[in-house]
Amino acid sequence: MNTEVSTSMKTEKEWEPRIIAYCCNWCSYAGADLAGTSRIQYPTNARIVRVNCTGRLSPEFVLAALNMGADGVLVSGCHPGDCHYTSGNLKARARWALMETAIEQAGVDPRRVRLQWASASEAQIFADGVKAIVEQVRELGPIRSEWK
């Protein structure tokens, strides 16, 4: 008898959130790398996608990640005023309201997405952001119940 349990057969208690983390190449991605080399503990639920700048991240990417099975999305970039591309993070911040509206219109709880600023030297802030979204999404449960 096969004793393996497929992911689709796991109970709600065994479920763990899947998080996509879009990280700025210049700050947050380096912060995530520093967290790893510094052995700062944070949940392994997040899969990091490196983007050149959070200002280039459109709501479609966030919706696509949620549509393809991610239970939550973290967007992490340079602090406003410290962008490698001068104003990319300001564009990301301005676009955030649009992103939350698009997510709500898709029938998804906007608490499934999080925007945070973390510089290359702020490994603990990055790790804390991952912990926060994992805990938030864990409380919300699997996303499959929200899509219309």
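Check the entry above for the structure.
Reference entry: report on the structure contained in this document.

Conventions we followed
Residues numbered from 1 in each chain as written. Predicted model: local features only at pLDDT ≥ 70, side-chain atom pairs only at ≥ 80, totals over all residues. Heavy atoms only, no water. Phe/Tyr/Trp six-rings, centres within 6.5 Å; stacked < 30°, edge-to-face > 60°. Helix = DSSP H or I, 4+ residues; strand = E, 2+ residues; numbered from the N terminus. Buried < 20%, exposed > 50% of the residue type's maximum accessible area, 1.4 Å probe, protein only. Pairing = 2+ DSSP bridges. Axes fitted to C-alpha atoms, helices over the stretch in contact; angles between N-to-C directions. Contact = heavy atoms within 4.5 Å. Left-handed = near helix turned anticlockwise from the far one by under 90°. Nonpolar A, V, L, I, M, F, W, Y, C, P; charged D, E, K, R; others polar. Salt bridge = Lys/Arg side-chain N within 4 Å of Asp/Glu carboxyl O.

### With respect to the packing of aromatic side chains
Counted under the stated rule, the structure contains two aromatic pairs. Each ring, one from tryptophan 26 and one from tyrosine 85, has its centre 6.4 Å from the other, and the planes form 75 degrees; the classification is edge-to-face. Here tryptophan 26, found in the loop between β1 (19-24) and α1 (28-37), pairs with tyrosine 85, found in the loop between β3 (72-77) and α3 (88-105); they are 59 residues apart in sequence, far enough to count as distant. What makes tyrosine 85 partly exposed here is its relative accessible area of 39%. Aromatic pair tyrosine 42 and phenylalanine 126: ring centres 5.6 Å apart, planes at 90 degrees, arrangement edge-to-face. Of this pair, tyrosine 42 sits in the loop between α1 and β2 (46-51) while phenylalanine 126 is found in helix α4 (residues 123-140), placing the two residues 84 residues apart along the sequence.

### Examining the sheet that holds β1
Pairing between the strands of a sheet comes from backbone hydrogen bonds, and it takes one of two forms, parallel or antiparallel. Read across the open sheet, the four strands follow the order β2-β1-β3-β4; overall the sheet is parallel. The open sheet is flanked by β2 and β4 (113-117), the only strands paired with a single partner. The sheet shows a mean angle of 20 degrees between the axes of neighbouring strands, direction not considered. Bridge count between β1 and β2: six bridges; the pairing is parallel. Within β2, the residue paired with alanine 21 across the bridge is isoleucine 48. The sheet strands contacting helix α2 (residues 59-67) are β1, β3 and β4, and the helix crosses β3 at an angle near 145 degrees. Against the sheet, α3 touches β3 and β4, its axis set at about 170 degrees to β4.

### Notes on the packing of α2 against α3
The interhelical angle for the contact between α2 and α3, taken along N-to-C directions, is 35 degrees, at an axis separation of 9 Å. The two elements α2 and α3 meet at a crossing, and its hand is right-handed. On α3, the residues touching Pro59, Val62 and Leu63 of α2 are Arg95, Leu98, Met99, Ala102 and Ile103. Here the residues of the contact of α2 with α3 are counted per class, giving seven nonpolar, no polar and one charged.

### A word on the pattern of salt bridges
Going through the model one piece at a time under the given rule, you end up with three salt bridges. The partner of glutamate 16 in a salt bridge is arginine 138, and the shortest N-O contact between them spans 2.6 Å. Residue glutamate 16 is found in the segment before β1, and its partner arginine 138 is found in helix α4; the two are separated by 122 residues along the sequence. Using a relative accessible area of 40% as the deciding quantity, one classes glutamate 16 as partly exposed.

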